[in-house]
Amino acid sequence: MEQVMSNILTKAGMSNSTSKPEPFQCEICGEDKPQTQIKHPFKDEMRWVHCACPCKIKEMEDFKRDQASKDRQLKINKLLRLSSSMEDIKSMTFENYKARKGTENSYEEVRSAVENFKERGKMGVFIFGETGNGKSHLTAAGGNELIKKGYAVILITEKDLFSRLFATKNFKNEESFQEIMGACLDADLLIWDDFMSSQRLSDEEKDWIFQIVNGRERANKPIWYTSNITPDEFSSDKTAYKLDDKGRTWWRLIGNNNCISNRAANYRKAKAMAKAMDISIEEYEKGAV
């Protein structure tokens, strides 16, 4: 039995004596492979073994990184399919974002959230304000920057999220409840667009909200919210109790986010009115007629 094990050790690269053997050349770079001494498992003596060449180790590490990168990209692509209106989202960048008066704080916060994403952990962003004032574009731009950095990001509207979760009750539905909920919890970043846009939440919808908010908090992962609630609504207890009768979801949510009031006016309205009046958007927003 000992002889069998000795043969196995020799075939594995251990010398069959205490003398240093002739070096082996690496099949990749042609250099001598490094050698070191280790204790023989059956005898009280040291034996020489050939080690992996540094270039071979680098090749294996590069392969491992490449595989991890491919697995990561598959995860990103899978999660991206859950996002709403993907083509529209892809086109939203910081470069084509129109910074306007009242957007300064929101812009700086999203920029900071992107640059310090890993360090911030579960700390997210909650941007609220008038409809059409650039909240969705800004958060989507930040999400696209993170996708470029290799993070898995989902951007989904509240209406789309609830509709797709409800649709899973149909056994013929292509997506399962577990797949959608799992993706919302697993993504590095969840961008929740039009949060609290529903006029009245069912108990089931409240439970879904809590599952996602609580699950991502426990996983130390952030959510970026956009919402059309007003500053008065933001500070009202009625808003907190809209999510549950004790306000636990709302206060957990607020505690995990930097909350910013986007004070810019409705850009879509300004664009439409300026076109109707045959003036520039800037003139309209300044009150010109």
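Because the structure is a prediction, the values reported are computed rather than measured.

Procedures and definitions
- Residues numbered from 1 in each chain as written.
- Predicted model: local features only at pLDDT ≥ 70, side-chain atom pairs only at ≥ 80, totals over all residues.
- Heavy atoms only, no water.
- Pairing = 2+ DSSP bridges.
- Helix = DSSP H or I, 4+ residues; strand = E, 2+ residues; numbered from the N terminus.
- Axes fitted to C-alpha atoms, helices over the stretch in contact; angles between N-to-C directions.
- Contact = heavy atoms within 4.5 Å.
- Buried < 20%, exposed > 50% of the residue type's maximum accessible area, 1.4 Å probe, protein only.
- Right-handed = clockwise from strand over helix to strand, strands pointing away.

## A few points about the sheet that holds strand S4 (residues 153-157)
Right, on to step 1. The strand order across the open sheet formed by five strands is S4-S5-S6-S3-S7, and the pairing between neighbours is parallel. At either margin of the open sheet sits one strand with a lone partner, and together these are S4 and strand S7 (257-262). Strand-to-strand, the axes of this sheet are offset by a mean angle of 10 degrees, without reference to chain direction.
Right, on to step 2. When strand S3 (residues 124-129) meets S7, the two strands line up parallel, connected through six bridges. Paired with Phe 126 across the bridge in S7 is Cys 259.
Right, on to step 3. Across the sheet, helix H6 (residues 135-148) lies against S3, S4, strand S5 (189-193), strand S6 (223-227) and S7, angled at about 160 degrees from S6, the strand it touches most.

## With respect to the pairing of S5
Right, on to step 1. Of all the five residues making up S5, five are buried; the element is thus mostly covered by neighbouring parts of the structure.
Right, on to step 2. Side chains Leu 189, Ile 191 and Asp 193 of S5 all project onto a buried face; the interleaved residues Leu 190 and Trp 192 project onto the opposite face, where all are buried too.
Right, on to step 3. As defined by bridge partners, S4 adjoins S5 across five bridges and the pair is classed as parallel. When the sheet's bridge partners are listed, Val 153 is paired in S5 with Leu 189.
Right, on to step 4. The pairing of S5 with S6 spans three bridges and is classified as parallel. Bridge assignment links Leu 190 to a residue of S6, and that residue is Ile 223.
Right, on to step 5. For the crossover from S5 across helix H9 (residues 203-218) to S6, the handedness is right-handed.

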